[in-house]
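Topology and contacts: notes
Residue strings, one per chain:
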Amino acid sequence: MLDMIIHRGSSQIGGCCTEITTGESRILLDFGANLPGTDEDSETKDSEMFQKVFGLRRDGAVLFTHYHGDHYGLFKKIPRDIPMYIGPLAKDILRILVSYIDREAQEKGQSLVERMNTYQAGEWMTPVPGIRVLPLYVDHSALDSYMFCIQVAGKTILFTGDFREHGIIGQWSRMERVLKKYVPGPVDVLITEGTMLGRGREAGNASVKSEKELGKKAAELFQKHKYNFVLVSSTNLDSIMEFYHNTPAGMHFVCDLYQAQVLITAMRGMEARGNFPEYQPSELHPVVRVLGKADSRWAVLREIGDTMENPLWFRAAREKDLAKDGFVLLVRKNTHPGEYTSLFETMLDKFYDRDGQIIYSMWNGYLEGKRADRNLIRFIGERPYESLHTSGHAYVETIAKMLKITDPKMIIPIHTEHPDDFASIPAFAPYQDRVRVLRDGIRLSLE
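We now turn to the structure provided with this report. Note that the structure is predicted; figures quoted are calculated from it, not measured.

Our next topic: the packing of helix α7 (residues 211-222) against helix α8 (residues 237-245). Between α7 and α8, the shortest axis-to-axis distance is 8 Å and the interhelical angle comes to 40°. One element, α7, and the other, α8, form an angle in the oblique class. You can see that α7 and α8 cross each other, and the crossing is right-handed. For the pair α7 and α8, contact is made by E211, K212, L214, G215, A218 and F222 and by D238, S239, E242 and F243, respectively.

Okay, here's the thing in structure tokens:
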């Protein structure tokens, strides 16, 4: 017996969980929460996922592809005796992220993150008897993301997770080289994300297609205004590093303490991997200015920064220096606008009208439509903004390249709102008769 079940994610973006089972053993690939604002519309709500996945079977292992909430977000619901696995740098970043989230959460998750096992890129592991898994390091807007090559019952399954090839990690045809080395094809089953299948117009109209292009455009925008407020996800490290390296000489690069922790953790982790100058400290900006009062966490920042091959120093952001020299400030929305005024809102009120601009570097869907984020919209207010963002997901041409390399016998689209359109996309025409569209909860035999 060899079956697969998409518990959730066959016809939606996010909230993912896929099962591969031999009957005696099983692995679960991701256990994510629904994207914000989508739970009510989802066929399976977050509150129903535990019973659906673990109600009858409390066995197996959970392998997370990366640290985005729609892939790991329900980790607190996983039974304590079920082992969890994640990438090593992703775990380090998750420690900081969950610690930040735990401040307002009744159910704490820090101890659960600590008990997560880590896997290594390019090294086979056997999380459960009879199922071997090879994690493959890939490009995505979450740093330290992975595909999984799975060998079970004489079959080879490639599970892509979220991926792309237009970020920092994806440079120099990395995806092609990794796949040809470890998964030369043909594979028996390819389970691939298709996030951008329904966003072709968005991709075609984007001002930038890659993180490198984003950095070049940012450099131009930063020259036009003295005070730059950049709305970007705190864990979209590729974009953050591009904003950092393209901050003009003489200006300050500024963030808060939480963001500084994420930043230095990512830079230290990437230093060990080498060959990524984008994750090294900038000669123009060896000092990062930090908003807020100093506390014990500053010592950790300084300890890490001082011991890096190219040191990075953290200093308090003094308002008079920022006013005089100008800045690029990474900002976030206020999730409790009626309760307090955030540091970012205070900075926006003080500097925006004096020669400021807002650069919006997130998905446009958060500002309009059914997934619009009220707190984000409230943060921007009536102020105009420059949109500067590139997708964290594979464009159609990237998926087509993967199909050509892996030559799959069966293709199963997931993480897409348009699975039925997969076979009709011209770039996928040679493989249209191999596409199999599943629905959540349906068991498919792979024997």
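Turning our eyes to something else, we now look at the environment of T335. Looking at where T335 falls in the secondary structure, it is placed in the loop between β16 (327-331) and α12 (343-355). Separated by 40 residues in the primary sequence, T335 and D295 have C-alpha atoms spaced 23 Å apart. Setting aside chain neighbours within four positions, we find T335 in contact with E104, Y340 and N375.

Turning our eyes to something else, we now look at the packing of aromatic side chains. Summed over all chains, the structure comprises 16 aromatic pairs. On the numbers, 5.2 Å between centres and 85° between planes, the contact of W363 with Y366 is edge-to-face. Classification of W363 as buried rests on a relative accessible area of 18%. Aromatic rings pair up to connect Y119, Y137, Y146 and F148 into one cluster.

Reading the values: rules and limits
- Residues numbered from 1 in each chain as written.
- Predicted model: local features only at pLDDT ≥ 70, side-chain atom pairs only at ≥ 80, totals over all residues.
- Heavy atoms only, no water.
- Axes fitted to C-alpha atoms, helices over the stretch in contact; angles between N-to-C directions.
- Helix = DSSP H or I, 4+ residues; strand = E, 2+ residues; numbered from the N terminus.
- Parallel < 35°, antiparallel > 145°, perpendicular 65-115°, else oblique.
- Left-handed = near helix turned anticlockwise from the far one by under 90°.
- Contact = heavy atoms within 4.5 Å.
- Phe/Tyr/Trp six-rings, centres within 6.5 Å; stacked < 30°, edge-to-face > 60°.
- Buried < 20%, exposed > 50% of the residue type's maximum accessible area, 1.4 Å probe, protein only.

Interpretation note: all reported values are geometric properties and have no functional meaning in isolation.
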